[in-house]
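# Survey of secondary and tertiary structure
The chain contents come next:
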Amino acid sequence: MEKFNRIVIVLLLLLQVSFFSLMKTNATWFLINSYVYKTLTIFLIVCLICFNLIFNYYKVNQVREYPFFTMMLTWIGIYLLILGASQVVYNQSFITTLKGSYVYLMIGLYFLLVFFFNDEVNFRFILRSISFIGSTYAVVLLIQAFLEKSSHIFLDFGNYGLNPIYDSFGPIFHFIRVAGPADFISFAILLTLIKMLHDKFSIFDLSLVLIDYLYIVLVSGTRMYMIIDFILIMTFILICLYQKHAGIVYTIIAGGFLLALGILPKLIQGFTGGERGMSFEIRTNEIKYYFDKIFYNQWFGIGFPDAKRYSQLIHGPAETHLFSTNANYYLEDIGALGIISIFGALGIIALIWFILKLVTLFLVSQRKGEFGLILIYLTLMLATLSLLDPQRIFYLFVIIYVLEYISKKTSGNNLEGIL
């Protein structure tokens, strides 16, 4: 059963990177599993949970802690409440409402991992798999970026695939821009750094991180990931130095703070002026628009309306857009606000509970280095990108699983005890 579980987990990870984009994606497959659709991923997760409940049930009731278990059950309850309320408020069928919200069933990944991959061997296997797959994808994308200059294309560059932007992006080689894979590869950087802190420092693992970051800088064109990943890597280095050279770390932090103050105006200008000015203005308008929708349905926000009938509600009416662009508004572009705009008051409660849980566990954690990296990642992501959108929700529940594992102690409660 262990081998079967690992094979399916690797398959799930490969689905997140579309098998390294080596196969042509058609319209049908795009709707089954892609950057924005996760039907097959969720189906496999549900199937694997069922198989393990039948053939591997003894693992469910093993003695251990579940720091996030009650919270996850509450999240399910919130989802079901708003699912039912949306069906009534928008006068739509259950199937239509489910189609617009099924991605939240990804929460099953948390239960799968914490119940059936809760030992040290499986924990390291998951970290290693994500690290290796992320770096392999980065290498493939870097090779394609080089070869594209000679018009040699071997990846899925169609409208349903990577859909690259041919705008001579890149500070050095002026590659094409391929941004989609940055979500997974940035996530792989985080877990590779955690792997080195959890296990041991490895030149090989460090080289994987550098390869991943080369893709982020040279090919992805995603400035937020450049910043987030740079901060993660620098934090990892400081954590390693702190064990033997605490004084040097404090000096570096002080110098880094002063340097940050010096470059902050230029950094802000880079996000708000020049070519990025239009993008910044759209983002500002998005924040204003979705902020007004937090209590759109009194106790919850937008909820799960039919994407076709309520397109202007979800993406903003045409008159709210900038005159010179036809860009839609997207909930996933505004971080935590996008989550709250959907779930309303219940979303605010759930988010505050999550933050308090993270802070509490961090204070008592014996693995503050690993925990700290995750906190930095989550904080920076939630400031700008939603972790509950189809592109990133898979990674959120893997992260909660990692937090659950590194938070556990030698003794704990079984499942019957916490229920």
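First, a word on what this report is: a plain description of the structure on this page. (Residues numbered from 1 in each chain as written. Predicted model: local features only at pLDDT ≥ 70, side-chain atom pairs only at ≥ 80, totals over all residues. Heavy atoms only, no water.)

## A short note on the overall build of the chain
Helix and strand counts for the chain stand at 17 helices and 0 strands. Relative to its 419 residues, the chain shows a buried fraction of 50%. Here the contacts in the chain between residues at least 6 apart in sequence split such that 77% fall between residues at least 24 apart. Accessible area of the chain: about 20300 Å², with a carbon and sulfur share of 68%. (Helix = DSSP H or I, 4+ residues; strand = E, 2+ residues; numbered from the N terminus. Buried < 20%, exposed > 50% of the residue type's maximum accessible area, 1.4 Å probe, protein only. Contact = heavy atoms within 4.5 Å. Areas by Shrake-Rupley, 256 points an atom, 1.4 Å probe, with all protein chains shown as cover.)

## Brief notes about the nonpolar core
Counting residues in each nonpolar core, the largest one holds 129 residues, and the members touching the most others are F68, M72, L378, F397 and V402. Sorting elements by how many residues they give to this core places helix α16 (residues 393–407) first, with 13 residues. Ignoring anything within four residues of it in the chain, the contact list for V402 reads F123, L127, L191, I194 and I374. (Core = buried A, V, L, I, M, F, W, Y, C linked by side-chain atoms within 4.5 Å.)

## Quick look at a nonpolar patch on the surface
Judged by side-chain polarity, M1, F4, F51, I54 and F55 come together as a nonpolar surface patch covering roughly 520 Å² of accessible area. With respect to the helices and strands, F55 occurs in helix α3 (residues 39–55). For F55, a relative accessible area of 57% puts it in the exposed group. (Patch = residues over 30% accessible without salt bridge, like charges linked within 9 Å, V, L, I, M, F, W, Y side chains within 5 Å. Salt bridge = Lys/Arg side-chain N within 4 Å of Asp/Glu carboxyl O.)

## A look at helix α8 (residues 182–198)
With 17 residues, α8 should reach 24 Å at 1.5 Å per residue; the first-to-last C-alpha distance of 24 Å fits that figure. Judged by how many residues are buried, α8 sits mostly within the fold: 17 of 17 residues are covered. (Expected span 1.5 Å × (residues − 1).)

## Re the packing of helix α7 (residues 120–148) against α8
As a packed pair, α7 and α8 sit with axes 8 Å apart at the nearest point and diverge in direction by 135 degrees. Accordingly, the angle class assigned to the pair α7 and α8 is oblique. Considering the relative orientation of α7 and α8, their crossing is left-handed. Side by side, α7 and α8 meet where E120, F123, R124, L127, R128, I130, S131, I133, G134, Y137, A138 and L141 of the first sit next to F184, I185, F187, A188, L191, T192, I194, K195 and H198 of the second. Grouping the constituent residues of the contact of α7 with α8 by class yields 13 nonpolar, 4 polar and 4 charged. (Axes fitted to C-alpha atoms, helices over the stretch in contact; angles between N-to-C directions. Parallel < 35°, antiparallel > 145°, perpendicular 65-115°, else oblique. Left-handed = near helix turned anticlockwise from the far one by under 90°. Nonpolar A, V, L, I, M, F, W, Y, C, P; charged D, E, K, R; others polar.)

## Side note on unusual backbone geometry
Positive phi values are uncommon outside glycine, yet N91 reaches one of about 50 degrees. Relative to the helices and strands, N91 is located in the loop between α4 (69–89) and α5 (94–99). You can call N91 exposed: its relative accessible area is 65%. Although it is not a glycine, Q298 sits at a positive phi angle of roughly 65 degrees. The residue Q298 is located in the loop between α12 (277–291) and α13 (311–315) in this model.

## Quick look at the packing of aromatic side chains
Going through the model one piece at a time under the given rule, you end up with 33 aromatic pairs. When the centroid spacing of 5.5 Å and the interplanar angle of 65 degrees are considered together, the rings of Y66 and F69 count as edge-to-face. Pair check on accessibility: Y66 and F69 agree, each one buried. Through pairs of rings, three or more aromatic residues link up here, namely Y66, F69, Y110, F111, F115 and F116. The ring of F125 has R6 lying over it, and the distance from NZ or CZ to the ring centre is 4.8 Å. Over the ring of Y289 we find K293; its NZ or CZ atom is 4.0 Å from the centre of that ring. (Phe/Tyr/Trp six-rings, centres within 6.5 Å; stacked < 30°, edge-to-face > 60°. Lys NZ or Arg CZ within 6 Å of the ring centre and 35° of its normal.)

## Here we look at the side chain of D156
Here D156 is to be found in the loop between α7 and α8. Buried and unpaired, D156 has K24 as its nearest opposite-charge partner, separated by 4.2 Å. Among the polar contacts made by the side chain of D156, one reaches the main-chain amide nitrogen of G158 at a distance of 3.4 Å. Not counting chain neighbours up to four residues away, the residues in contact with D156 comprise S21, M23, K24, T25, G161, L162 and N163. (Lys, Arg positive; Asp, Glu negative; His and termini not counted. Polar contact = N/O pair within 3.5 Å; in protein donor to acceptor, adjacent residues only side chain to side chain.)

## A look at the environment of G180
Relative to the assigned elements, G180 resides in the loop between α7 and α8. By relative accessible area, G180 is classed as partly exposed at 25%. It is 8.4 Å that separates the C-alpha atoms of G180 and N163, two residues lying 17 residues apart in sequence.

## Examining the packing of helix α1 (residues 2–16) against α3
Running from N to C, α1 and α3 cross one another at 170 degrees; their axes reach a closest spacing of 10 Å. On the basis of their axis angle, the class for α1 and α3 is roughly antiparallel. Contacts from F4, N5, V8, L11, L12, L15 and Q16 of α1 reach α3 at L40, T41, L44, I45, L48, F51 and N52. Each residue belonging to the contact of α1 with α3 can be placed in one class, and the counts come to 10 nonpolar, 4 polar and no charged.

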